[in-house]
Amino acid sequence: MTPEAARTKALSLGGKFMKEHRQIFDAFREDTEFTYLTCSEVQTWESYPVHHQRLLNLFATDHSFRLSVEAFGADYHRKHAADLTEADQRYPVQRSSDYFLEEFAIFSCLQECKLSVMVYPGSFSTLTEIVSGQHASVPTELRQLIVVSLNISRTLRKVVSG
């Protein structure tokens, strides 16, 4: 898929996710304030390229961090593309690593703006490792995040929607 087609598809999938799951967040609106921003919006911020470059440099120089990011991507692709050979999985793992570094730069921007609680659909082992202090060389903005991992099940969707 071309980068333009991938961007269009990603924005569409994100919009679909928010539309389908908004009632879950709305159920907690009385107790919690949620801020909805798109990643593409944050990527236009002045601080984004600074954070992204710092993470690219860290990925290139910190073996432990790089292994964690790559392992998460490899695990995901192993589950979702079991029919691919190890050699064929390298490219998607590289693309996933690129994506994760972009996402971490976005999280850094948000934390810098005091939006420090990230509600993440599912769990992300590298992010969990970062906030628990396992990667000391990771920028402070990421280490200071509060991460809430969601396990969105059909049962929860039924309970929330009535």
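From a predicted model like this one, the values you see are computed outputs, not experimental measurements. By convention here, each chain's residues receive numbers from 1 onward along its written sequence. Side-chain atom pairs in this predicted model are given and counted only at pLDDT of 80 or more, local residue features only at pLDDT of at least 70, and totals for whole chains, interfaces and linings cover all residues. The side-chain quantities take in all heavy atoms of the structure and omit both hydrogens and water.

**Some points on the overall build of the protein chain**
Next, step 1: Each helix corresponds to a stretch of at least 4 residues labelled H or I by DSSP, and each strand to a stretch of at least 2 residues labelled E; elements are numbered beginning at the N terminus. Each helix and strand in the protein chain was counted, giving eight helices and two strands.
Next, step 2: Starting at the N terminus, the α and β elements of the protein chain follow one another as α-α-α-α-α-β-α-α-β-α.
Next, step 3: A radius of gyration in this sense is built from C-alpha atoms; the matching globule rule multiplies 2.2 Å by the number of residues raised to 0.38. Computed over C-alpha atoms, the radius of gyration of the protein chain comes to 17 Å, within 12% of the 15 Å expected from 2.2 N^0.38 for 162 residues, which places it in the range of a compact globule.
Next, step 4: If one aligns the C-alpha atoms of the protein chain with their principal axes, the spans along those axes are about 45 × 40 × 30 Å.
Next, step 5: Under the convention used here, a 1.4 Å probe and the Shrake-Rupley method define accessible areas, while residue burial counts only the protein chains that appear. Accessible surface, the protein chain as shown: approximately 10400 Å² in total, 54% of it carbon and sulfur.
Next, step 6: Counting rule for charge: Lys and Arg are taken as positive, Asp and Glu as negative, and neither His nor the chain ends is counted. To locate a charge, take NZ of a lysine, CZ of an arginine, CG of an aspartate or CD of a glutamate. Charged side chains in the protein chain number 17 positive and 20 negative. The centres of these two groups are separated by 5 Å.

**Description of the nonpolar core**
Next, step 1: In this description, a nonpolar core means a group of buried Ala, Val, Leu, Ile, Met, Phe, Trp, Tyr and Cys residues linked to one another through side-chain atoms lying within 4.5 Å. Here's how the labels work: a residue is buried when its accessible area is under 20% of the maximum for its type, exposed when over 50%, partly exposed in between, all with a 1.4 Å probe on protein chains only. Counting residues in hydrophobic clusters, the biggest one holds 24 residues, and the most contacted among them are Leu 55, Phe 65, Phe 104, Phe 107, Phe 124, Leu 127 and Leu 142.
Next, step 2: Where this core is concerned, the elements lending two or more residues are α3 (48–61), α4 (63–80), α5 (86–112), β1 (117–121) and α6 (125–131).
Next, step 3: With eight residues, the single largest contributor to this core is α5.
Next, step 4: Residues count as neighbours in contact if any of their non-hydrogen atoms are within 4.5 Å of one another. For Phe 124, the contacting residues outside a window of four places in its chain are Phe 72, Phe 100, Glu 103 and Phe 104.

**Observations concerning a nonpolar patch on the surface**
Next, step 1: Here a patch means residues that are over 30% exposed by relative accessible area and free of salt bridges, tied together within 9 Å if like-charged and within 5 Å if nonpolar (Val, Leu, Ile, Met, Phe, Trp, Tyr). Any Lys or Arg side-chain nitrogen found within 4 Å of a carboxyl oxygen on Asp or Glu counts as a salt bridge. On the surface, a nonpolar cluster with roughly 290 Å² of combined accessible area is contributed by Val 117, Val 119, Ile 146 and Val 148.
Next, step 2: Elements with a minimum of two residues in the nonpolar patch: β1 and β2 (146–150).
Next, step 3: With respect to the helices and strands, Val 148 occurs in strand β2.

**Structural notes on the packing of aromatic side chains**
Next, step 1: The pairing test for Phe, Tyr and Trp rings, Trp by its six-membered ring, is centres within 6.5 Å, and the orientation test on the planes gives stacked under 30 degrees, edge-to-face over 60, and tilted for anything in between. Tallied over the entire structure, the rule returns six aromatic pairs.
Next, step 2: Between Phe 104 and Phe 124, the ring centres sit 5.4 Å apart and the planes meet at 35 degrees, which makes this aromatic pair tilted. Of this pair, Phe 104 sits in helix α5 while Phe 124 sits in the loop between β1 and α6, placing them 20 residues apart in sequence. For the pair Phe 104 and Phe 124, a shared accessibility class is recorded, and that class is buried.

**A look at the pattern of salt bridges**
Next, step 1: One pass over the structure, following the stated rule, counts four salt bridges.
Next, step 2: Note that Glu 141 and Arg 54 form a salt bridge whose closest N and O atoms lie 3.5 Å from each other. Pair noted here: Glu 141 is in helix α7 (residues 140–143) and Arg 54 is in helix α3, with a separation of 87 residues, a long-range link.

**Topic: the environment of Phe 65**
Next, step 1: One can find Phe 65 in helix α4.
Next, step 2: For the pair Phe 65 and Thr 85, spaced 20 residues apart in sequence, the C-alpha to C-alpha distance is 24 Å.
Next, step 3: Look past the residues within four positions of Phe 65 in its chain and what remains in contact with it is Leu 55, Leu 58, Phe 59, Leu 101, Phe 104, Thr 126, Ile 130, His 135 and Val 138.

**With respect to the confidence of the model for the protein chain**
Next, step 1: Summarising the model, the protein chain shows a mean pLDDT of 84, and 91% of its residues fall at 70 or more.
Next, step 2: Low pLDDT (under 50) marks residues 156–162, which in the prediction has eight contacts with non-local residues, meaning those over four places away or in another chain. One confidence number per residue, pLDDT, is output by the predictor and ranges from 0 to 100.

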